[in-house]
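Analysis of the macromolecular model
So you can see what is in the structure, the chains are spelled out below.
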Amino acid sequence: MITSHLRCFNPACGSEQPRSTTSYACPDCQGLLELTYDFPSLQAPDWPRLWQQRLGPGPGREGSGVWRFREMLPLFDDGAGMVSLGEGNTPLIAAPRAAQWAGVRALSIKHQGANPTGSFKDLGMTVCITEALRLGVGVVACASTGNTSSSMAAYAARAGIKSLVFVPQGAVSGAKLAQAIDFGAQVVETGANFDQAFRLLRQMSDQLGLYLVNSINPFRLEGQKAVVLQILEQRGWQPPDYIVLPGGNLGNVSAVGKALAELAALNLISRMPRLVVVQAQGASPFHQMWRSQSARISPVSEPATRATAIRIGNPANWPKAARALAQTEGITEAVTDQEIRAAKAELAQGGIGCEPASAATLAGVRKLREAGEIEPGADVVAILTGHQLKDPDYITEQLGRGGMLQVEPTPAAILGALRDWN
Ligand SMILES: *Cc1c(COP(=O)(O)O)cnc(C)c1O
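Below, the structure is looked at part by part.

Procedures and definitions
Throughout, a residue's number is its position along its own chain's written sequence, starting from 1. For this predicted model, a pLDDT threshold of at least 70 governs which residues receive local features, and a threshold of 80 or more governs which side-chain atom pairs are given and counted, while totals over whole chains, interfaces and linings are taken from all residues. Hydrogen atoms and water are omitted, and side-chain values are computed over all heavy atoms in the structure. Accessible area is worked out with a 1.4 Å probe on protein chains only. A residue is then buried under 20% of its type maximum, exposed over 50%, and partly exposed in between. The helix count covers DSSP runs of H or I at least four residues long, the strand count covers runs of E at least two residues long, and both are numbered beginning at the N terminus. DSSP bridges decide pairing: two strands pair if at least two such bridges lie between them. A side-chain nitrogen of Lys or Arg and a carboxyl oxygen of Asp or Glu constitute a salt bridge if their distance falls within 4 Å. Aromatic pairing here means that ring centres of Phe, Tyr or Trp (its six-membered ring) are within 6.5 Å. Orientation follows from the plane angle: under 30 degrees is stacked, over 60 is edge-to-face, and everything else is tilted. Axes here mean lines fitted to C-alpha atoms, for a helix over just the part in contact, with angles spanning 0 to 180 degrees between N-to-C directions.

1. Things to note about the pairing of strand 1 (residues 4-8)
Taken across its five residues, strand 1 has four buried, putting it largely inside the fold. Strand direction decides the pairing type here: strand 1 and strand 3 (residues 33-37), joined by five bridges, are antiparallel. The residue of strand 3 that forms the bridge with H5 is T36. Both strand 1 and strand 2 (residues 16-17) contribute to a ladder of two bridges, which runs antiparallel. Residue pairing for strand 2: R7 is matched across the bridge by E16.

Here you go:
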């Protein structure tokens, strides 16, 4: 068993906190908290074989693509009491058409839309709701651009814990809200954007006795590391040149960077892939910070993009994301809504559906390739964060009813209407 510690992320502080802490802000400096491990030193452990065995056929098979990697997760009773819906183990799909469009040699898609509630948030939620259950909390809560609420509501229902969601007014996809409501969450629409809803929730969480499952929750980020382990396993432990993901509150890039750093320290990878964070132009404070080599982020007060999952102006995890980029020689990019739309259409024409925020990855690869920052020979993995049906309104808005025909119910009329179709 590997011992884990809950520590302040701020290097100037670094204080260790008891596992019973639930506010997930350092009481000494208000910094972010993170989990660290006493990993075995020197020799690379034989974990990849063990992880693969758990996935394989037979009675030892495990359904969760998070918990089978538990050597890299905070200590839980082995196999027992985990709140799981069979998350992870999502496909890694070759996307030659999109590769050609972006101008790179190889591009594959790690499709996180194939998770139980349709986004990567499930990887983190299985861990932090398990922790919530272990701590015996009464109510879990989040502010959300949509997917966190869907995921939290499902896992909380599974665990028999009540859940509360703050969402910005009129700025979240109806499909995502429908999921949260279906799973029995109490939804509160409040504030003009995610940042405002999140600030309110943080203010009120002690008063209401809430356990927060936003990505400031360090247990969530531990679960989200699993996407890296899955990708590497699917590639026979050969790292790609780049791993690309969209950036909102920057929890995902922080988790992915942490996983890579831990794997390198364990000698389980010999080469570091470069992380690429793509933000929407109207909500790109991290990109601005990274490009200008600023020491701190300057929040965007009115974030604007149709890719609502990444419409965030003041990302909480920016210090962790900055470390992830520094450790991987990472790059950032910002793309317009038009560029996102074009990338999403390109993916769709290759049979790959996703929500708009996810398509920012492909748009970013193309833009960085054109700028010469990514080389033509690059081998790229893009993490598509959410399912196509997460935002069906976007599709009808962009394409209208498109080629849909309304026809009299007779063969002759149908043949007539299809005459010009090719
Ligand atoms: C949450 C989310 C993001 C942003 O992830 P962060 O960890 O907040 O940076 C991107 N895409 C989708 C579909 C999401 O649900």
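Text resumes after the structure shown.
2. Details of the sheet that holds strand 1
Within the open sheet, the three strands sit side by side as 2-1-3. Their pairing is antiparallel. At either margin of the open sheet sits one strand with a lone partner, and together these are strand 2 and strand 3.

3. Regarding unusual backbone geometry
Leave glycine aside and you will find that most residues have negative phi; peptide bonds, for their part, are mostly trans. Its identity as a non-glycine residue notwithstanding, Y24 has a phi of 55°, on the positive side. Relative to the elements of secondary structure, Y24 occurs in the loop between strand 2 and strand 3. Given a relative accessible area of 1%, Y24 falls into the buried group. At W237, a residue that is not glycine, the phi angle is positive and equals roughly 65°. Here W237 lies in the loop between helix 8 (226-234) and strand 10 (242-246). Judged by relative accessible area, W237 falls into the buried class, the value being 17%.

4. Notes on the pattern of salt bridges
Summed over the entire model, instances satisfying the criterion amount to 22 salt bridges. Between R306 and D391 there is a salt bridge, with its nearest N and O atoms 2.9 Å apart. Of this pair, R306 sits in the loop between helix 10 (285-291) and helix 11 (318-327) while D391 sits in the loop between strand 13 (379-384) and helix 14 (392-399), placing them 85 residues apart in sequence. By relative accessible area, D391 is classed as buried at 5%. Ionic pairing is found between K367 and E339, a salt bridge with its closest N-O pair at 3.0 Å. A residue pair is termed long-range when its members are at least 10 positions apart, and K367 in helix 13 (residues 356-370) and E339 in helix 12 (residues 337-349) qualify at 28 residues. Bridged by salt links that share partners, the residues R54, E62, R70 and E71 form one connected network.

5. Things to note about the packing of aromatic side chains
The tally for this structure, following the rule as stated, stands at nine aromatic pairs. On the basis of an interplanar angle of 20° and a centroid distance of 5.0 Å, the ring pair of Y37 and F39 is categorised as stacked. F39 matches Y37 in its accessibility class, with the two residues each being buried. Centroid distance F194 to F198: 5.3 Å. Interplanar angle 20°. Geometry classified as stacked. With a gap of four residues between them, F194 and F198 both fall in helix 6 (residues 194-208), about one helical turn apart.

6. Let's talk about the sheet that holds strand 8 (residues 186-189)
With parallel pairing, four strands are arranged side by side in an open sheet as 8-7-6-9. A single partner strand is all that each edge strand has here, and the edge strands are strand 8 and strand 9 (210-212). Across the sheet, the mean angle separating the axes of adjacent strands is 25° when strand polarity is ignored. Summarising the sheet, strand 6 (residues 139-143) and strand 7 (residues 162-167) pair through five bridges and their orientation is parallel. By the bridge assignment for strand 7, C142 is matched with V165.

The values are spatial; any link to function lies outside them.
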